[in-house]
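Now for the letters of each chain:
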Amino acid sequence: MSEAPKTATLTIDGKNYDLPIHSPTTGPDVLDIRKLYGQAGVFTYDPGFTSTASCESTITYIDGEEGILTHRGYPIGELAGQSHYLEVCYLLLYGALPNAAELEEFETTITRHTMLHEQMVNFFRGFRRDAHPMAIMVGVVGAMSAFYHDSTDISDPRQREVASHRLIAKMPTIAAMAYKYTIGQPFISPRNDLDYASNFLRMCFAVPAEDYEVNPILSRAMDRIFTLHADHEQNASTSTVRLASSSGANPFACIAAGIACLWGPAHGGANQACLEMLKEIGSVDRIPEFIERAKDKNDPFRLMGFGHRVYKNMDPRATVMKQSADEVLELLGVDDNPLLQVASELERIALSDPYFKEKKLFPNVDFYSGIILEAMGFPTSMFTPIFALSRTVGWISQWKEQLSDPAHKIGRPRQLYLGEDVRSYTDIENR
Ligand code: SDX
């Protein structure tokens, strides 16, 4: 006999309200409050959404206490170690690992969508050369809705799929063009004979004046960084994409909204802020000074790359990223990199400090990524564009999942109003 549905009883002014409880595959139960306002005339209040599930999803699961991250059930450590980014893209988009034929077809499709509409090149030329690459990416991705009209009708599953493929395929091209534009070098076209990560590295670092050979160590490390950033449940930028999509906005506008949100230093912008912080610390002997600043309530300084809304244990991506940093720097012969020494010592000191232990602050995905990216030759301004490039498949997979839910509706939160009560207008002579 099936179990009776679980409910919670809320009592307000002596009246009881039964709220259904739904149980997940794994993780915390959820209290269904969808009918609460209609029944009890009250809102719930959760400004940072710390206790709020915004949707049902089958894509990514995070256990913050145990430091677990899975994509469609597969642990991130196994995917980063045994899979590769485009295979993870297929997994996130379609829910299962592809067989050989499916993977080949998918990779061919993505490869053949990497070029950008030639008219968009003029779009780039409108930016100042010192524009931040994220400013360019937000603008160019949003402008894609002006160039790819045949994949903006979200009611057409085929157009949704074409838009998904175009965004995954073109983000490396756009990010590389943003980089080239800011350093005054000519754009390098993608090549169909290169894998996704190698293509990106070549578009960033090749120049027309000579041949460019992609270093396989760097392309493997680049691909792993893409995989580690691919999706992460209902984080701020993914929630932004879902909210934008709930109004029926086209996919390019929704992803541009996600890029804009990711840019913040509390979110994806932390990788740039973290490396700048490590450079400001400069040497191991200055670490205590910064640890004290991070603990000082009167100092707005925070240890960038540390802490997480969900992880109250080590971010599993940081663990893999640290291993990759050690490998890449050693293979590149720069394992005496002072920044890596500062980062490793900062992690050791912070993790033994009572403040960080009590608040369960651990290194997150942004703590080590910048060290690898800098060793690969990227300026700090390109760190968040690379995060945005990687996360596009996550945003698109979540966008696709939301649109395929026939019950989805426009997101429209309410508020706790603390402003003035109704009052009459007074003429200026009487103020
Ligand atoms: C990403 O959500 C995601 O999944 C994001 C992400 C993804 O893949 O999409 O994982 C990517 O954004 C990773 C996070 C990158 N951001 C940073 O590294 C910036 C530094 N970290 C913080 O700003 C902070 O930890 C957040 C924003 C990441 C999380 O903030 P919360 O959950 O709102 O936690 P909080 O601000 O309430 O902090 C709890 C306490 C506070 O102290 P009290 O007010 O309780 O006394 O911990 C302190 C904070 O002051 N604290 C820190 C700290 N982070 C939190 N103190 C010093 N240094 C820090 N980094």
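Residue positions are given per chain, counted from 1 along the sequence in the order it is written. For a predicted model such as this one, the threshold for reporting local features is a pLDDT of at least 70, and the threshold for listing and counting side-chain atom pairs is 80 or more; totals across whole chains, interfaces and linings nevertheless cover every residue. Side-chain numbers come from the whole structure's heavy atoms, not from hydrogens or water.

(A) The arrangement of the overall build of the protein chain in detail. Looking only at helices and strands, the protein chain features 18 helices and six strands. In terms of overall dimensions, the protein chain is globule-like: its C-alpha atoms have a radius of gyration of 24 Å, near the 22 Å expected for 431 residues. Its C-alpha atoms give the protein chain principal-axis dimensions of about 80 × 75 × 55 Å. To sort residues, take the accessible area from a 1.4 Å probe on protein chains only and compare it with the maximum for the residue type: under 20% means buried, over 50% means exposed, and anything in between is partly exposed. Within the span of the protein chain, comprising 431 residues, buried residues form 47% of the whole. Contacts: residue pairs with any heavy atoms within 4.5 Å of one another. Of all intrachain contacts in the protein chain linking residues separated by at least 6 positions in sequence, the fraction that spans at least 24 positions is 70%. Surface exposure here means Shrake-Rupley accessible area, sampled with a 1.4 Å probe, where a residue is shielded only by the protein chains that are shown. With the model as given, the accessible surface of the protein chain reaches about 21700 Å², and the carbon-plus-sulfur share is 52%. Here the protein chain contributes 40 positively and 55 negatively charged side chains, and the mean placements of these two sets differ by 5 Å. Runs of H or I in DSSP of at least four residues are treated as helices and runs of E of at least two as strands, each being numbered from the N terminus. When we talk radius of gyration, it's over C-alpha atoms, and the globule rule is simply 2.2 Å times the number of residues to the 0.38. Here Asp and Glu are counted as negative and Lys and Arg as positive; His is not counted, and neither are the chain ends. Where a charge sits is defined by one atom per residue type, namely NZ (Lys), CZ (Arg), CG (Asp) or CD (Glu).

(B) Expanded view of the pairing of strand 1 (residues 7-12). Pairing of strand 1 with strand 2 (residues 15-22) involves six bridges; the strand directions are antiparallel. Looking at strand 2, one finds that leucine 10 is bridged to tyrosine 17. Taken together, strand 1 and the strand that follows it, strand 2, pair antiparallel across an intervening segment of two residues, in which aspartate 13 is found at a positive phi of about 50°. Two strands make a pair as long as DSSP finds a minimum of two bridges between them.

(C) Molecular detail of the packing of aromatic side chains. In this analysis, rings of Phe, Tyr and Trp, with Trp reduced to its six-membered ring, are considered paired at centre separations within 6.5 Å, and the interplanar angle assigns stacked below 30 degrees, edge-to-face beyond 60, and tilted for intermediate values. For the coordinates displayed, the defined rule picks out 19 aromatic pairs. Here phenylalanine 200 and phenylalanine 378 contribute two aromatic rings whose centre-to-centre distance is 5.8 Å and whose plane-to-plane angle is 15°, an arrangement assigned as stacked. Here the residue phenylalanine 200 occupies a position in helix 8 (residues 196-205), and phenylalanine 378 occupies one in the loop between helix 17 (366-375) and helix 18 (383-403), the gap between them amounting to 178 residues. Grouping aromatic residues by their ring pairs yields a cluster made of Tyr85, Tyr179, Tyr196, Phe200, Phe205, Phe226 and Phe378.

(D) Local environment of the packing of helix 6 (residues 133-143) against helix 11 (residues 251-262). Between N-to-C directions, angles cover 0 to 180 degrees, with each direction set by a line fitted to C-alpha atoms, over the stretch in contact for helices. Helix 11 packs onto helix 6 with a crossing angle of 165° between their chain directions and a minimal axis gap of 8 Å. In terms of axis orientation, helix 6 runs roughly antiparallel to helix 11. Our pair here, helix 6 against helix 11, has a crossing hand that is left-handed. Listed contacts from helix 11 to Met134, Met137, Val138, Val141 and Gly142 of helix 6 are Phe252, Ile255, Ala256, Ile259 and Ala260. Taken together, the residues of the contact of helix 6 with helix 11 break down into nine nonpolar, one polar and no charged. The cut-offs work like this: below 35 degrees is roughly parallel, past 145 is roughly antiparallel, 65 to 115 is roughly perpendicular, and the gaps in between are oblique. With the far helix as reference, a near helix turned anticlockwise by less than a right angle produces a left-handed crossing, and one turned clockwise produces a right-handed crossing. In this classification, the charged set is Asp, Glu, Lys and Arg, the nonpolar set is Ala, Val, Leu, Ile, Met, Phe, Trp, Tyr, Cys and Pro, and all remaining amino acids, among them Gly, are polar.

(E) Geometry of the sheet that holds strand 1. The strand order across the open sheet formed by three strands is 1-2-3, and the pairing between neighbours is antiparallel. The outermost strands of the open sheet, each flanked by one partner alone, are strand 1 and strand 3 (30-31).

(F) Up close: unusual backbone geometry. With phi around 60°, glutamate 233 is a residue other than glycine that occupies positive phi space. Relative to the helices and strands, glutamate 233 is located in the loop between helix 9 (216-228) and helix 10 (236-246). Located in the positive-phi region is lysine 360, a residue other than glycine, with phi close to 55°. Mapping lysine 360 onto the fold places it in the loop between helix 16 (354-358) and helix 17. Since its relative accessible area comes to 37%, lysine 360 is described here as partly exposed.

(G) Spatial organisation of the pattern of salt bridges. By definition, a salt bridge exists where a carboxyl oxygen of Asp or Glu is found within 4 Å of a side-chain nitrogen of Lys or Arg. Counted under the stated rule, the structure contains 20 salt bridges. With its nearest N and O atoms 3.6 Å apart, the salt bridge here joins lysine 360 to glutamate 65. Taken together, the residues lysine 360 in the loop between helix 16 and helix 17 and glutamate 65 in the loop between strand 4 (60-63) and strand 5 (68-71) connect sequence positions 295 residues apart. Here glutamate 65 falls in the partly exposed class, since its relative accessible area comes to 44%.

(H) Geometry of helix 9. Over its 13 residues, helix 9 runs 18 Å from end to end, which matches the ideal 18 Å to within 8%, given 1.5 Å per residue. Within helix 9, ten of the 13 residues are buried, which leaves the element mostly enclosed by the surrounding structure. Buried within helix 9 are the following residues: Leu218, Ser219, Ala221, Met222, Asp223, Arg224, Ile225, Phe226, Thr227 and Leu228. Buried residues in helix 9 make contact with helix 2 (76-82), helix 3 (85-94), helix 8, helix 14 (316-331), helix 17 and helix 18. Polar contact criterion, stated in full: a pair of N or O atoms within 3.5 Å, where within protein one must be able to donate a hydrogen and the other to accept it, and residues adjacent in sequence count only if both atoms are side-chain atoms. For helix 9, the N-terminal cap is asparagine 215; the gap from its side-chain oxygen to the backbone nitrogen of isoleucine 217 is 2.7 Å. Multiplying 1.5 Å by the residue count of a helix minus one yields the expected span of that helix.

(I) Up close: the site of the ligand. The rule for a residue being near a molecule or strand is that one of its heavy atoms must lie within 4 Å of it. Around the ligand, a shell composed of 24 residues is seen, among which His232, His308, Arg309, Arg317 and Arg391 lie nearest. Contact distances for the ligand include 2.8 Å between a nitrogen atom and a backbone N or O atom of phenylalanine 306. In this structure, arginine 309 approaches the ligand through a side-chain N or O atom, which is 2.8 Å from an oxygen atom. Contact with the protein chains covers 77% of the free accessible surface of the ligand, which is 1100 Å². Partitioned by chemical class, the residues of the shell around the ligand number ten nonpolar, seven polar and seven charged.

(J) Geometry of the sheet that holds strand 4. Read across the sheet, three strands follow the order 4-5-6 without closing on themselves; strand pairing throughout is antiparallel. The strands lining the two open edges of the sheet, one partner per strand, are strand 4 and strand 6 (74-75). The sheet contact formed by strand 4 and strand 5 spans four bridges and is antiparallel. Residue isoleucine 62 lies in a different strand from strand 5, and its bridge partner there is leucine 69.

(K) Local environment of a nonpolar patch on the surface. A patch consists of residues whose relative accessible area exceeds 30% and which take part in no salt bridge; residues with like charges are grouped when within 9 Å of each other, and nonpolar side chains (Val, Leu, Ile, Met, Phe, Trp, Tyr) when within 5 Å. On the surface, Tyr45, Leu416 and Leu418 cluster together into a nonpolar patch covering about 400 Å² of accessible area. Mapped onto the elements, leucine 416 comes out in the segment after helix 18.

(L) Structural context of the side chain of aspartate 231. By the secondary structure assignment, aspartate 231 is in the loop between helix 9 and helix 10. As a buried residue without a salt bridge, aspartate 231 has its nearest oppositely charged side chain in arginine 391, at a separation of 5.0 Å. Within the local environment of aspartate 231, its side chain forms a polar contact with the side chain of threonine 60, the two groups lying 2.5 Å apart. The contacts of aspartate 231, once residues within four sequence positions are left out, are Ile59, Thr60, His71, Leu92, Thr238, Arg391, Gly394 and Gln398.

Any link to function would need more than the numbers given here.
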